[in-house]
Amino acid sequence: MRVVPGWALLSSAAAPVFLVGGWTLAAARQPGGFDQVGGTISALAARGAADRWIMTVGLLGLGLCHCLTAAGLRPLRPAGRLLLALGGIATLAVAAFPLPAQRGSSTPHGLSAAVAFGALALWPALAAHRRRAPAGAAGLSARRGAAAAALLLALVGWFAVELTTGGARIGLAERAAAGAEALCPLLVVLALTRGRPKAGG
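Because the structure is a prediction, the values reported are computed rather than measured.

**Q** Teacher, can you tell me more about the packing of helix H3 (residues 53–72) against helix H4 (residues 78–96) here?
**A** H4 packs onto H3 with a crossing angle of 165° between their chain directions and a minimal axis gap of 8 Å. What the angle tells us is that H3 and H4 run roughly antiparallel. In the packing of H3 onto H4, the handedness of the crossing is left-handed. Two secondary-structure elements touch here, H3 through Thr-56, Leu-59, Leu-60, Leu-62, Gly-63, Leu-64, His-66, Cys-67, Thr-69, Ala-70, Ala-71 and Gly-72 and H4 through Arg-81, Leu-84, Ala-85, Gly-88, Ile-89, Thr-91, Leu-92, Val-94 and Ala-95. Split by residue class, the contact of H3 with H4 holds 13 nonpolar, seven polar and one charged.

**Q** What am I meant to see in helix H6 (residues 142–165) here?
**A** The end-to-end C-alpha distance of H6, which contains 24 residues, comes to 34 Å, matching closely the 34 Å that a straight helix rising 1.5 Å per residue would cover. Within H6, the full set of buried residues consists of Gly-145, Ala-149, Leu-152, Leu-155, Val-156, Phe-159 and Glu-162.

**Q** Whenever I open this one, helix H5 (residues 107–127) confuses me. Can you help?
**A** One full turn of an α-helix is made of 3.6 residues, so residues set three or four places apart face in the same direction. Helix length check: H5, at 21 residues, gives a terminal C-alpha distance of 30 Å against a target of 30 Å (1.5 Å per residue), a fit within 8%. Taken as a whole, H5 carries its principal kink of about 30° at Ala-121; the proline Pro-124 stands between one and four residues after it. Turning to H5, its buried residues are His-109, Ser-112, Ala-113, Ala-116, Phe-117, Ala-119, Leu-120, Ala-121, Trp-123, Pro-124, Ala-125 and Ala-127. Two or three places before His-109, at the opening of H5, Ser-106 has a side-chain oxygen 3.3 Å from that residue's backbone nitrogen.

**Q** How do you make sense of the pattern of salt bridges when you look at a structure like this?
**A** Side-chain pairs of opposite charge can arise where the charged atoms are in close proximity. Under the definition given, this model contains one salt bridge. Note that Asp-51 and Arg-29 form a salt bridge whose closest N and O atoms lie 2.7 Å from each other. Placement of the pair is Asp-51 in the loop between helix H2 (41–44) and H3 and Arg-29 in the loop between helix H1 (6–28) and H2, with a sequence separation of 22 residues. The class of Asp-51 is partly exposed, set by a relative accessible area of 27%.

**Q** I tried to follow the layout of surface pockets on my own but got confused; where do I start?
**A** Over the atoms, a rolling probe the size of a water molecule traces out where space has been left empty. Estimated volume of the largest pocket: approximately 530 Å³. Every residue lining the largest pocket is counted, 23 residues in all, and those nearest its centre are Phe-34, Thr-40, Ala-43, Ala-46 and Arg-103. Residue assignment for the lining of the largest pocket shows that the elements contributing at least two residues are H2 and H5. Its residues placed into classes, the lining of the largest pocket shows nine nonpolar, 11 polar and three charged.

**Q** Explain empty space enclosed by the protein to me, please; I cannot follow it from the model alone.
**A** Under the defined criterion, the tally for this structure stands at one cavity of 30 Å³ or more. As for the largest cavity, its lining consists of 16 residues, of which Leu-59, Leu-62, Thr-91, Phe-117 and Ala-178 are closest to the centre. Sorting the residues of the lining of the largest cavity by element identifies H2, H3, H4, H5 and helix H7 (170–195) as the ones contributing at least two each. Classifying every residue of the lining of the largest cavity gives 11 nonpolar, three polar and two charged.

Rules and cut-offs
- Residues numbered from 1 in each chain as written.
- Predicted model: local features only at pLDDT ≥ 70, side-chain atom pairs only at ≥ 80, totals over all residues.
- Heavy atoms only, no water.
- Axes fitted to C-alpha atoms, helices over the stretch in contact; angles between N-to-C directions.
- Helix = DSSP H or I, 4+ residues; strand = E, 2+ residues; numbered from the N terminus.
- Parallel < 35°, antiparallel > 145°, perpendicular 65-115°, else oblique.
- Left-handed = near helix turned anticlockwise from the far one by under 90°.
- Contact = heavy atoms within 4.5 Å.
- Nonpolar A, V, L, I, M, F, W, Y, C, P; charged D, E, K, R; others polar.
- Expected span 1.5 Å × (residues − 1).
- Buried < 20%, exposed > 50% of the residue type's maximum accessible area, 1.4 Å probe, protein only.
- Bend = angle between axes of the 7 residues up to and from the residue.
- Polar contact = N/O pair within 3.5 Å; in protein donor to acceptor, adjacent residues only side chain to side chain.
- Salt bridge = Lys/Arg side-chain N within 4 Å of Asp/Glu carboxyl O.
- 1 Å grid on protein atoms, 1.4 Å probe; cavity = no way out; pocket = protein on both sides within 12 Å on 5 of 7 lines; lining within 4 Å.
- Points joined across faces, edges and corners; volume = space filled by probe spheres on them.

This is how it looks when you write it as structure tokens:
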């Protein structure tokens, strides 16, 4: 039996593909082009955006992947896995509550995005074992979990500053934060897989 099931490896690898593929394809479909440095991911799935279904599918796939990965990270602490799943569910809500057309705002969308960004930044710190890690969990030490969370929080903080100040690099900051959060579960899965050989052969 594997420390982390193969389907969790697949879901963690698919997460960044859904996100980056979604924003790349959706941006390419916008008439007149799309500024990915200044334009947000949510704008690509907003009502009135061209082919908004592309980014919507990307967000739905990302959220489902996080939920599946959380279920497969059995060696880690339940608190971290629950937070990762919460981030996935909140990402599904981001897709379910798109921004209105004409660059309007949406309270459900904003709250869902805030929960998603926060949960996906904090989960590595809560998933790591504080003292002696059980078999298979050595790939995510408390120090590594805290360092990962600190980096993710810094990126989310940059995005928050750009968002609240109307910065010119809001899209770049969001993509850096969201991309790092999408990639983090895959790195954790790979660390767990390399840190422990297959059990029972």
